[in-house]
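Each chain, letter by letter, is given below.
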Amino acid sequence: MSKKTVLTTSSGAPVADDNNSISAGKRGPLTYDNHYLFEKLAHFNRERLPERVVHARGTGAYGTFTLNKSLSDYSIASFLQTPGDKTEVFLRFSTVGGGQDSSDYARDPRGFAVKFYTEQGNFDLVGNNTPVFFLNDPIKFPDFVHSQKKDPRTNIPNPGRMFEFWANHPQSLHQMTILMSDRGIPFSLRHMHGFGSHTLSFWNKAGERFWVKWHFKTDQGIKTLTGEEADKMSPFGAQQDLVDSIDNGDFPSWTVKVQIMPESEALNYKINPFDLTKIWPHKDYPLIEVGSLELNRNVDNYFAETEQSAFAPSNLVPGIGASPDKMLQARLLAYQDAHRYRVGANVNQIPVNAPKCPMNHYQRDGAFAGSFATNSGCPAHGGEVNFYPNDQGANGAPVPDSQLMAPPMPVLEDAWIGHHDQGDEDYYSQAGDLFRLMSEDQKQQLVGNIAGGLSQASDSVQARMIEQFTKADSDYGVRIKAALS
Ligand code: HEM
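Please read all numbers here as calculations on a predicted model, not as lab measurements. (Residues numbered from 1 in each chain as written. Predicted model: local features only at pLDDT ≥ 70, side-chain atom pairs only at ≥ 80, totals over all residues. Heavy atoms only, no water.)

Turning next to the packing of aromatic side chains. Evaluation of the coordinates by the stated rule reveals 30 aromatic pairs. Members of the aromatic cluster, each reached through a chain of ring pairs, are Phe65, Phe79, Phe93, Phe112, Phe116, Phe123, Phe202, Trp214, Phe216 and Trp254. A cation over a ring is seen here: arginine 57 above phenylalanine 236, with NZ or CZ 4.4 Å from the ring centre. (Phe/Tyr/Trp six-rings, centres within 6.5 Å; stacked < 30°, edge-to-face > 60°. Lys NZ or Arg CZ within 6 Å of the ring centre and 35° of its normal.)

Below, the structure is given as structure tokens:
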């Protein structure tokens, strides 16, 4: 006979009855000694974390990054040295604007956040399925997100507000053109590319720095939905598709490529390589294949792993650095701050976030400190020294490794500190190039998608948007104007 497992309270005491509360008589009332009932209700009240302020709806899976080209000429990053080396990853896909209860099939960028558990700490590439973004100054991010989320009065998405923001921000035109194109709604999370989007950097043993963009090209091929097709999909379809394909051993994969620009070329390159609204044309900086990424294991528990996962652009490792990109600079702060609010001070001790290598630091205490001490990488933090510098280095107390100092970041111009307006940048050429690359069918889809939303905006917003489209390509402007009238 198999041994029964006895149900217990959260403090381990056996429970005699889990169906009936304690009451004075069959009809009640309840009595005050219902501490087990109270424990259940109180825990239930605390079962949620605040949802992410953006990218709330997501799904994650584990996988493997396999390097097939050494990047040792460019970077000392431990996981980029030896072809064949494998690094475990956790990837969370998401939509951006909708809450946790929204649909998988919104016309919205998709988050593509990859955590590489390297031997020298976690490297997080917190990107999207698009190579550019709507903004190049982070001070606009809260305004932008407010305009894209639900109307504050009706709690209903309002395209008029979205276009009102875009009409005032020509820097959004390139990303908005991608969003409204036939690529705006991926068929599944497997059938889309991923991009680090920002310019990051590599630095090598000689202290030379290179500017880098990361690309993940889907091996499943691009597959998309029209708005009408998306409306017919089940709201959980994309999550189901990913879970099923991994459960069935049909592991999705991406070919990983980088674009590399020597540090000195940034100054004289024809576009600002740190402007997140722009791509680097491949003919100037070709894609170099460096490896592959495969997803091969679903999470066991969605909440513990996917919901508590926390990605931060500031999670960098030796050999990989940031860049002057203003958006990236702001993100270096924003994410860890969000995690402390959403999950807590010891967010990095939770297994999905903890590095797979030792984590030796002098940060102490806080809620749940040491809870995951048995998990590899997490410190137990007993009585050992908790300040630095100290005299305990010989006894194993952690010390900084000056060999791993990143080279200083250049300031690329004779710079003055102040509010610098980027209004004189060219926000039209690349949007126009994209429009001109589209087939007739793609142009028609683009125009239909834009007109559907823009028709709900004011005349003044429509006029300013038409002006932007016309600057990108006169045919783009003519077509939108015709569709609106
Ligand atoms: C200044 C600009 C930005 C700010 C302030 C910002 C802020 C945030 C915040 C606060 C979160 C929620 C984090 C959490 O609670 O765990 C988030 C999530 C996310 N952001 Fe951003 N964001 C910015 C721009 C971008 C850009 C340019 C990209 C892509 C290129 C991006 C991709 C993502 C992704 C993929 C997530 C979800 C990560 C996950 O799966 O947990 N964000 N962002």
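So, on to the coordination of the iron atom of the ligand. Protein coordination of the iron atom of the ligand is limited to a single donor, Tyr335 (OH), positioned at 1.8 Å. Take tyrosine 335: it is sitting in helix H9 (residues 326–342). (Donors = N, O, S within 2.8 Å, 3.2 Å for Na, K, Ca; no water. Helix = DSSP H or I, 4+ residues; strand = E, 2+ residues; numbered from the N terminus.)

Relative to the assigned elements, lysine 217 resides in strand E7 (residues 209–218). No salt bridge is formed by the buried lysine 217, whose closest oppositely charged neighbour, aspartate 219, lies at an N-O distance of 10 Å. (Buried < 20%, exposed > 50% of the residue type's maximum accessible area, 1.4 Å probe, protein only. Lys, Arg positive; Asp, Glu negative; His and termini not counted. Salt bridge = Lys/Arg side-chain N within 4 Å of Asp/Glu carboxyl O.)

By the alternation rule, side chains of strand E6 (residues 200–203) split into Leu200 and Phe202 and Ser201 and Trp203, which are all buried. Bridging between E6 and E7 involves 4 bridges; their strand directions are antiparallel. In the strand pairing of E7, serine 201 is matched with tryptophan 211. In sequence, E6 turns back onto E7 through a hairpin of 5 residues, with glycine 207 there showing a positive phi of about 80°. (Pairing = 2+ DSSP bridges.)

Leu80, Trp214 and Phe216 are the most contacted members of the largest nonpolar core, which has 41 residues in total. Setting aside chain neighbours within four positions, we find tryptophan 214 in contact with Leu80, Phe123, Leu125, Phe195, Gly196, Ser197, Leu200, Phe202, Val256, Lys257, Val258 and Ile320. Counting 34 residues, the second largest nonpolar core, distinct from the first, contains Phe133, Phe165, Ala167 and Val461. (Core = buried A, V, L, I, M, F, W, Y, C linked by side-chain atoms within 4.5 Å. Contact = heavy atoms within 4.5 Å.)

This part is about the side chain of threonine 255. Checked against the element boundaries, threonine 255 lands in strand E8 (residues 253–262). Of the polar contacts made by the side chain of threonine 255, one reaches the side chain of aspartate 219; its length is 2.7 Å. Residues within four places of threonine 255 in sequence aside, it is in contact with His215, Phe216, Lys217, Asp219, Glu289 and Gly291. (Polar contact = N/O pair within 3.5 Å; in protein donor to acceptor, adjacent residues only side chain to side chain.)

Attention now moves to the site of the ligand. Close contacts around the ligand come from 25 residues, with Arg52, Arg92, Arg331, Tyr335 and Arg342 the closest. Within the side chain of tyrosine 335, one N or O atom sits 2.6 Å away from a nitrogen atom of the ligand. Histidine 339 places a polar side-chain atom, nitrogen or oxygen, 3.3 Å from an oxygen atom of the ligand. Counting only elements with at least two residues in the shell around the ligand, the list comes to strand E3 (110–118), strand E4 (121–128) and H9. Its residues placed into classes, the shell around the ligand shows 14 nonpolar, 7 polar and 4 charged. (Near = heavy atom within 4 Å. Nonpolar A, V, L, I, M, F, W, Y, C, P; charged D, E, K, R; others polar.)

With domains assigned, the chain is organised as domain 1 (20–49), domain 2 (58–134 + 169–358) and domain 3 (429–484). Spacing between the C-alpha centres of domain 1 and domain 2 amounts to 45 Å. (Domains from an automatic or database assignment.)

The next thing to look at is H9. Relative to the 24 Å expected for 17 residues at 1.5 Å per residue, H9 spans 24 Å between its end C-alpha atoms, a close match to the ideal helical length. The axis of H9 is deflected most strongly, by about 30°, at leucine 332. Within the sequence span of H9, burial applies to Met327, Leu328, Arg331, His339 and Arg342. Looking at the packing, one finds that the buried side of H9 touches E4, E6 and helix H8 (302–307). (Expected span 1.5 Å × (residues − 1). Bend = angle between axes of the 7 residues up to and from the residue.)

Scanning the entire structure with this criterion turns up 3 cavities of 30 Å³ or more. Volume-wise, the largest cavity comes out at about 80 Å³. Lining the largest cavity are Arg57, Gly58, Thr59, Phe93, Ser94, Thr95, Asp104, Arg110, Leu189, Ala238 and Gln239. Mapped by element, the contributors of at least two residues to the lining of the largest cavity are strand E1 (58–67), strand E2 (86–95) and helix H6 (237–247). Sorting elements by how many residues they give to the lining of the largest cavity places E2 first, with 3 residues. Roughly 60 Å³ of volume is contained in the second largest cavity. (1 Å grid on protein atoms, 1.4 Å probe; cavity = no way out; pocket = protein on both sides within 12 Å on 5 of 7 lines; lining within 4 Å. Points joined across faces, edges and corners; volume = space filled by probe spheres on them.)

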